[in-house]
Amino acid sequence: MISDGNSGRTMAALAVVISEPAALFSPKPQIPHFPVAGMKLLRRLERHGNKARINPLLDSMRSSSPSRRPPDAAAGDHTSWMLNHPSALSMFGEIAAAAAGKQMVVFLDYDGTLSPIVKDPDCAFMPDETRKAVRDVAKYFPTAIVTGRCRAKVYEFVRLPELYYAGSHGMDIKGPSKGHQRKANQTVLCQPAKEFLPIIDEVYKILMEKMKRIPGAKVENNKFCLSVHYRCVEEKRWGEVAEEVKDVIKEYQRLRLNQGRKVLEIRPTIKWDKGNAIEFLLHSLGYANSKEVVPIYVGDDRTDEDAFKVLKERGQGLGILVSKCPKETNASYTLKDPSEVMQFLNHLVDWKRRKN
């Protein structure tokens, strides 16, 4: 454990065991990225009473629905948005030129990126052709899955032992299994929120009972965070989902509420997200301060913006947003859907093979 003398908090150690002894990574604390609207919402939820707290959250739940969300006013119309965030497929030559002579590292979200968004999160299976594309990419580039899902669960979906897996929004990281490690005796492990496990389990049991009263609601235990899915809940009952979740979370000051695509997420209050996860992995791979590396991150959700922001601030690497509609983003390029992600991965493999 590491003790913070200024705040009195105790945080879990980040353990990295590799072939060289000096491998412990202590990232510079970062404030997680929230869109301005999201920050205003969180402040209002804290300041006002129950009804005032729930209504803004409900409005946000409705507006985040991809099927009914209008184009973001800040992003402008689709044509101008695409000029600023062109297709990674049509601009692949530009991406390849930026990576020429450098080591590429590939980071991939799972839901909505490698697999389609489905009603039942337990059925978010990745197509076999996409799995083959990911496997081929991993032959040439260090490759990681970075997801809000439980690490063990996403491994069941992907089933590729040669990858790095960062589950629970990067709070549970593990390197390739033995026999697939890029360096001799290399094991990577990072669990900065380990001390929160008892609280997460406690809240999971409470929410499971409460959500039984709302048809279609599903609570998913992602080990270091929780997801309350309302994709299959009638819209007229979304307010009940929001109210139940807020009533539970207000009793736990060490947990915070985030929102994704038709999902409410409960996470520990530590300053750790997908952006921290990719920094940790780059450090573990020996590329923390290297100018000869090009990290590529592909993701579709709000939580992926933390990773896009890190790459943008580094001035190094490429963020690719998976989306069919304009939205505010720190990504440089776009892809429409998981099928285009698969095409992009195949382009990477073909490019590398031609170079060799």
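Here the structure is a predicted model, which is why all the values come from computation and not from measurement. Counting restarts for each chain, with residues numbered from 1 along the sequence as it is written. Confidence filtering applies because this is a predicted model: local features only for residues at pLDDT of at least 70, side-chain atom pairs given and counted only at 80 or more, and all residues used for totals across whole chains, interfaces and linings. As a rule here, side-chain values cover all heavy atoms of the structure and leave hydrogens and water aside.

Chemist: I tried to follow empty space enclosed by the protein on my own but got confused; where do I start?
Modeler: Rolled over the atoms, a probe as big as a water molecule pinpoints where empty space is left. The definitions used throughout rest on a 1 Å grid laid over the protein atoms alone, on which a cavity is an enclosed set of points accommodating a 1.4 Å probe that cannot get out and a pocket is an open set flanked by protein within 12 Å on both sides along at least five of seven lines; lining residues are those having an atom within 4 Å of a point. Grid points are joined across faces, edges and corners, and a volume is the space filled by probe spheres set on the points. For the structure shown, the criterion picks out two cavities of 30 Å³ or more. The space that makes up the largest cavity amounts to roughly 370 Å³. Residue lining of the largest cavity: 25 residues in total, with Asp111, Ile117, His229, Val263 and Glu265 positioned closest to the centre. Breaking the lining of the largest cavity down by element, the ones donating at least two residues are β10 (226–229) and β12 (263–268). The residue inventory of the lining of the largest cavity, partitioned by class, reads six nonpolar, seven polar and twelve charged. Only DSSP runs of H or I with at least four residues qualify as helices, and only runs of E with at least two residues qualify as strands; both kinds are numbered from the N terminus onward. Think of it as three bins: nonpolar holds Ala, Val, Leu, Ile, Met, Phe, Trp, Tyr, Cys and Pro, charged holds Asp, Glu, Lys and Arg, and polar takes everything else, Gly as well.

Chemist: What am I meant to see in the packing of aromatic side chains here?
Modeler: Here is the rule: rings of Phe, Tyr and Trp (six-membered ring for Trp) pair when centre to centre is within 6.5 Å. Planes less than 30 degrees apart are stacked, more than 60 are edge-to-face, and the remainder are tilted. Overall, the coordinates contain seven aromatic pairs when judged by the stated rule. Judged by centre distance (5.1 Å) and plane angle (70 degrees), the ring pair of Tyr155 and Tyr165 falls under edge-to-face. Residue Tyr155 is located in helix α6 (residues 151–158), and its partner Tyr165 is located in strand β6 (residues 164–167); the two are separated by ten residues in the primary sequence. Assessed through its relative accessible area of 34%, Tyr155 is described here as partly exposed. Burial classification: accessible surface area is computed with a 1.4 Å probe over protein chains only, and a residue below 20% of its type maximum counts as buried, one above 50% as exposed, and the rest as partly exposed. Note on Tyr165: relative accessible area 4%, which makes it buried. Judged by centre distance (5.6 Å) and plane angle (90 degrees), the rings of Tyr297 and Phe308 are edge-to-face. Residue Tyr297 is located in strand β13 (residues 293–299), and its partner Phe308 is located in helix α10 (residues 305–314); the two are separated by eleven residues in the primary sequence.

Chemist: What is the right way to look at the pattern of salt bridges in this model?
Modeler: Close approach of charged atoms allows side chains with opposite charge to pair. We count a salt bridge whenever a side-chain nitrogen from Lys or Arg sits within 4 Å of a carboxyl oxygen from Asp or Glu. Going through the model one piece at a time under the given rule, you end up with 20 salt bridges. Here Asp109 and Lys274 are joined by a salt bridge, their closest N and O atoms 3.4 Å apart. With a gap of 165 residues between them, Asp109 in the loop between β4 (103–108) and α5 (128–140) and Lys274 in helix α9 (residues 274–284) connect regions that are remote in the sequence. What makes Lys274 buried here is its relative accessible area of 2%.

Chemist: What am I meant to see in the sheet that holds strand β11 (residues 255–260) here?
Modeler: What holds strands together in a sheet is hydrogen bonding between their backbones, with the strands either parallel or antiparallel. Taken in spatial order, the four strands line up as β9-β10-β12-β11 in an open sheet, and their pairing is antiparallel. Because the sheet does not close on itself, it has two edges, and the strands there are β9 (218–221) and β11. Sheet twist, expressed as the mean angle between neighbouring strand axes with direction ignored, is 20 degrees. One ladder, built from six bridges, connects β11 with β12; its direction is antiparallel. Bridge pairing in β12 links Gly260 to Val263. Across the sheet, helix α7 (residues 197–211) is in contact with β9, β10, β11 and β12; its angle to β9 comes to roughly 165 degrees. Only heavy atoms matter for contacts: two residues are in contact if any of them lie within 4.5 Å across the pair. Lines are fitted to the C-alpha atoms to define the axes, a helix being fitted only along its stretch in contact, and any angle between axes, read from their N-to-C directions, falls within 0 to 180 degrees. Packed on one face of the sheet, helix α8 (residues 238–249) meets β10, β11 and β12 and runs near 10 degrees to β12. Two strands pair if DSSP finds at least two bridges between them.

Chemist: Help me out: how do you make sense of the environment of Leu345 in this one?
Modeler: Counting through the fold element by element, Leu345 comes out in helix α11 (residues 338–355). By relative accessible area, which is 1% here, Leu345 ends up buried. The spatial distance from the C-alpha of Leu345 to the C-alpha of Thr130 is 8.6 Å, given a sequence separation of 215 residues. Leu345 has contacts with Leu108, Leu114, Ala133, Val134 and Val137, leaving out every residue within four places of it along the chain.

Chemist: What am I meant to see in the pairing of β4 here?
Modeler: Moving residue by residue along a regular strand, the side chains alternate between the two faces of the sheet. In terms of residue burial, β4 counts as a mostly covered element, since five of its six residues are buried. In terms of strand pairing, β4 meets strand β5 (residues 143–146) through three bridges, oriented parallel. Counted as the bridge partner of Val106 is Thr143 from β5. Once you follow β4 into α5 and on to β5, the crossover reads as right-handed. Every crossover in which the path from the first strand over the helix to the second runs clockwise, viewed with the strands pointing away from the viewer, is termed right-handed.

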